[in-house]
Amino acid sequence: MSNPHLLLKGFEVEMYTGRADGTVVGCAAEAARELAGFVTEPDQRNLEYTTPPDASYGRQLELLLEPRQRLRRWLRPRGLTLLPGSTLATGGSDRFERSDPTNAYHAHIEHTYGTRVVTASVHINFGLTAMDPLFAGLRLLRCEGALLLALSASSPFLDGQATGAHSQRWLQFPLTPPQVPIFLNHSHYVRWMEEQLATGSMHNVRHLWTSVRPNGDDRPHDLNRIELRICDLIADPLELLAVTAFAELRLLQLLAEPGRFDPLLASDLSPEELADLADANDRAAARSSLEAKLRHWKTGAPILARDWIAAELESLAPLAKSLGLENLLPPLEMLLTRGNTAMRWLALLRTGQPVAEIVAAEAAALEARETALEACLATDPALALG
């Protein structure tokens, strides 16, 4: 699906490895040594791969699946598989398992944060090189990040128990620094970053752990993309592409009409109020996802996450059709109807199914899903995308 109007995009995918019974087992250091394209996290129980920038959703589907298939072939003789979810659902949060005991930065992470950081997620990157559109997009995604977390929540469990949240990952992950402003422009971001580094509230330029951030080859000066970090792991590739298309369509609306969609221009609230609203919405979405009571950034009025998403999907339909993206969005309607991963898992738990059995069944279903998508790509790529 080649479309000159679409943004470059790419993914950073973190996943847990483990046994078919749902037990997490780390092997990241060995896997990263032997498999091209995989890198370690500080804890060896999850590992990461990235997809290169490409505007095409069809190409991104291929780029998401190919590394996983290679990894699965490597894991299989070791009795391991890939596990869905964004926290240590079946156990292990009492210990840190270093992937590289000699890495000083990993030591700092372990000693400062412990297993609060041992989570899995997906970061979605959108290419924007002009600074005014980039920071406008950053503001919009910051103010609507809760919607993307509500769609993606997949971490209701920790250590074999329900935590009471839909995204335990987002509640436990140490946002750094704790308060991040709505950036007014590039120079505001540069000044703020330099202040954080000078005071030590950030360890380095990568140590901005927030819902969405600017990224590039020489931060904070040389930027070329927006990195959306709030989503839990969206293990199903088509659900991931649907969430990505939703976010991209919002960005394209913004680029066409900044006066309507840039919160700095279109909101009744001050930048300080917008930052507080966004953070409060993120916490509410982490607790209740699609059922969360949020406040809309335009006026501060209350609105349910599910209703907000449905309204945006309706408004986006003409643009999606004009860009040939309408066939990517049906998974979002399914999420709104049947619930996201966390909601489905909690429903299974209420029937008496143990956490480990839920994770194990979902891991098997994910592998079957990937196999089916691979077969579709081999015979009819358009069919694979809906």
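This text goes with the structure placed above it.
Residues numbered from 1 in each chain as written. Predicted model: local features only at pLDDT ≥ 70, side-chain atom pairs only at ≥ 80, totals over all residues. Heavy atoms only, no water.

S.K.: Now, about the packing of aromatic side chains: what can you tell me, with residues and values included?
M.R.: Applying the stated criterion to the full structure yields 8 aromatic pairs. An angle of 50° between the planes, with centres 5.1 Å apart, marks the rings of Tyr-113 and Trp-209 as tilted. Residue Tyr-113 is located in helix H3 (residues 104-113), and its partner Trp-209 is located in the loop between helix H6 (186-199) and strand S8 (212-215); the two are separated by 96 residues in the primary sequence. Among the residues examined, Trp-209 registers a relative accessible area of 10% and is labelled buried. Each residue in the set Phe-135, Phe-183, Tyr-189 and Trp-192 is aromatic and connected to the rest through ring pairs, giving one cluster. (Phe/Tyr/Trp six-rings, centres within 6.5 Å; stacked < 30°, edge-to-face > 60°. Helix = DSSP H or I, 4+ residues; strand = E, 2+ residues; numbered from the N terminus. Buried < 20%, exposed > 50% of the residue type's maximum accessible area, 1.4 Å probe, protein only.)

S.K.: Report on the pattern of salt bridges, specifying residues and quantitative values.
M.R.: One pass over the structure, following the stated rule, counts 26 salt bridges. Among the salt bridges present, the one from Arg-95 reaches Glu-97, with a minimum N-O distance of 2.8 Å. Residue classification places Arg-95 among the partly exposed residues on the basis of a relative accessible area of 40%. Take Glu-97: its relative accessible area is 19%, and that puts it in the buried class. Glu-144 is the partner of Arg-250 in a salt bridge, and the nearest nitrogen-oxygen pair spans 2.6 Å. (Salt bridge = Lys/Arg side-chain N within 4 Å of Asp/Glu carboxyl O.)

S.K.: I'd like a description of a nonpolar patch on the surface, backed by residues and values.
M.R.: Together, Leu-184, Leu-264 and Leu-265 give the surface a local cluster of nonpolar side chains, amounting to about 250 Å² of exposed area. Here Leu-265 lies in helix H9 (residues 263-266). (Patch = residues over 30% accessible without salt bridge, like charges linked within 9 Å, V, L, I, M, F, W, Y side chains within 5 Å. Areas by Shrake-Rupley, 256 points an atom, 1.4 Å probe, with all protein chains shown as cover.)

S.K.: An account of the layout of surface pockets is requested, with residue identities and associated values reported.
M.R.: Looking at the largest pocket, its volume works out to about 670 Å³. What lines the largest pocket is a set of 30 residues, and nearest its centre among them are Glu-14, Glu-41, Glu-48, Arg-206 and Arg-229. Mapped onto the lining of the largest pocket, the elements with two or more residues apiece are strand S1 (9-18), strand S2 (38-40), strand S3 (46-50), H3, helix H5 (168-172), S8 and strand S9 (225-228). Looking at the lining of the largest pocket element by element, the count peaks at 3 residues for H3. (1 Å grid on protein atoms, 1.4 Å probe; cavity = no way out; pocket = protein on both sides within 12 Å on 5 of 7 lines; lining within 4 Å. Points joined across faces, edges and corners; volume = space filled by probe spheres on them.)

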